[in-house]
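The primary structure of each chain is shown beneath.
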Amino acid sequence: MKTILKVMALFLLLTLFSPVYAGPHPEIWYQTKWCLEQGGEMEVTLPDRTRCDCITKTHAVEIDFADNKWYQAIGQSLHYALQTNKHAGILLIIESPKNRKYWERLNRVIKTYNLPIEVWTIGDGVN
């Protein structure tokens, strides 16, 4: 319960003090918004002392920007799934339409190797 209250307070602060204009946000902004919407828990320390960005009832989710970390998210999400005995998930932050190519690359790797990873997107670049 304390964790939920902390996350809600953090989300409120980020929402109230974020710029009024549309534009890029820090990763924590997307993480807080999405994880709260999913009823998840943020920054969960796992048995091996790694930290998963968001744990929902069904998924262990790695949250990363599309342009520079999409490929790292694959390994991290699979590792977190192994540690939690949940499904692997990736929330890919797409801040502009030109970054959709990274979403396509991610999905091509997942499909080619038949990886058990579910992918969601968030950001201004999502159609």
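In the block above lies the structure referred to throughout.
Quick caveat, the model's predicted, so the values are computed rather than measured.

Enquirer: Tell me about the packing of aromatic side chains, and name the residues and values.
Expert: Counted by the stated rule, this structure contains four aromatic pairs. Ring geometry for Trp70 versus Tyr71: centroids 5.7 Å apart, planes at 90°, classification edge-to-face. Of the residues examined, Trp70 reaches a relative accessible area of 13% and is grouped as buried. Since its relative accessible area comes to 47%, Tyr71 is described here as partly exposed. The structure contains a cluster of three or more aromatic residues connected by ring pairs, namely Trp29, Tyr30 and Phe65. The side chain of Arg100 reaches across the aromatic face of Trp103, ending 4.9 Å from its centre.

Enquirer: Run through the side chain of Asp53, naming residues and quoting values.
Expert: Following the sequence through the fold, Asp53 ends up in strand β2 (residues 51–55). It turns out Asp53 is buried and unbridged, and the closest side chain with the opposite charge, Arg51, is 7.4 Å from it. If we ignore the near neighbours within four places in the chain, the residues touching Asp53 are Glu27, Gln31, Glu41, Met42, Glu43, Val61, Glu62 and Ile63.

Enquirer: Hey, could you go over the pairing of β2 for me, with residue numbers and the actual values?
Expert: Consecutive residues of a regular strand have side chains that alternate between opposite faces of the sheet. With four of five residues buried, β2 lies mostly within the body of the structure. The sheet contact formed by strand β1 (residues 41–45) and β2 spans four bridges and is antiparallel. Bridge assignment links Thr45 to a residue of β2, and that residue is Arg51. Remark: five residues form the turn of the hairpin made by β1 and β2, two consecutive strands paired antiparallel; Arg49 in that turn has positive phi of roughly 75°. In terms of strand pairing, β2 meets strand β3 (residues 59–65) through two bridges, oriented antiparallel. Counted as the bridge partner of Cys54 is Val61 from β3.

Enquirer: Help me get a handle on the state of the cysteines, residues and values and all.
Expert: If you walk through the whole model with that rule in mind, you get one disulfide. One disulfide bridge connects Cys35 with Cys54, the sulfur atoms lying 2.1 Å from each other. Classification of the bridge connecting Cys35 and Cys54 rests on its S-S torsion, roughly 85°, and on that basis the disulfide is right-handed. One end of the pair, Cys35, is in helix α2 (residues 27–37); the other, Cys54, is in strand β2, with 19 residues separating them in the sequence.

Enquirer: Before we move on, can you summarise helix α4 (residues 100–112) with the specific residues and values?
Expert: With 13 residues, α4 should reach 18 Å at 1.5 Å per residue; the first-to-last C-alpha distance of 18 Å fits that figure. Arg100, Tyr102, Leu106 and Ile110 are the residues of α4 that are buried. On an axial view of α4, the arc spanned by its buried residues comes to 155°, and they lie on one face. Of the exposed residues in α4, the ones pointing more than 90 degrees away from its buried face are Arg108, Lys111 and Thr112. Looking at the buried side of α4, the elements it contacts are α3 (66–84), β4 (87–93) and β5 (117–122). Within two residues after α4, Asn114 carries a phi angle of roughly 50°, on the positive side.

Parameters and conventions
Residues numbered from 1 in each chain as written. Predicted model: local features only at pLDDT ≥ 70, side-chain atom pairs only at ≥ 80, totals over all residues. Heavy atoms only, no water. Phe/Tyr/Trp six-rings, centres within 6.5 Å; stacked < 30°, edge-to-face > 60°. Buried < 20%, exposed > 50% of the residue type's maximum accessible area, 1.4 Å probe, protein only. Lys NZ or Arg CZ within 6 Å of the ring centre and 35° of its normal. Helix = DSSP H or I, 4+ residues; strand = E, 2+ residues; numbered from the N terminus. Lys, Arg positive; Asp, Glu negative; His and termini not counted. Salt bridge = Lys/Arg side-chain N within 4 Å of Asp/Glu carboxyl O. Contact = heavy atoms within 4.5 Å. Pairing = 2+ DSSP bridges. Disulfide = S-S within 2.5 Å. Expected span 1.5 Å × (residues − 1). Arc of directions from axis to C-beta.

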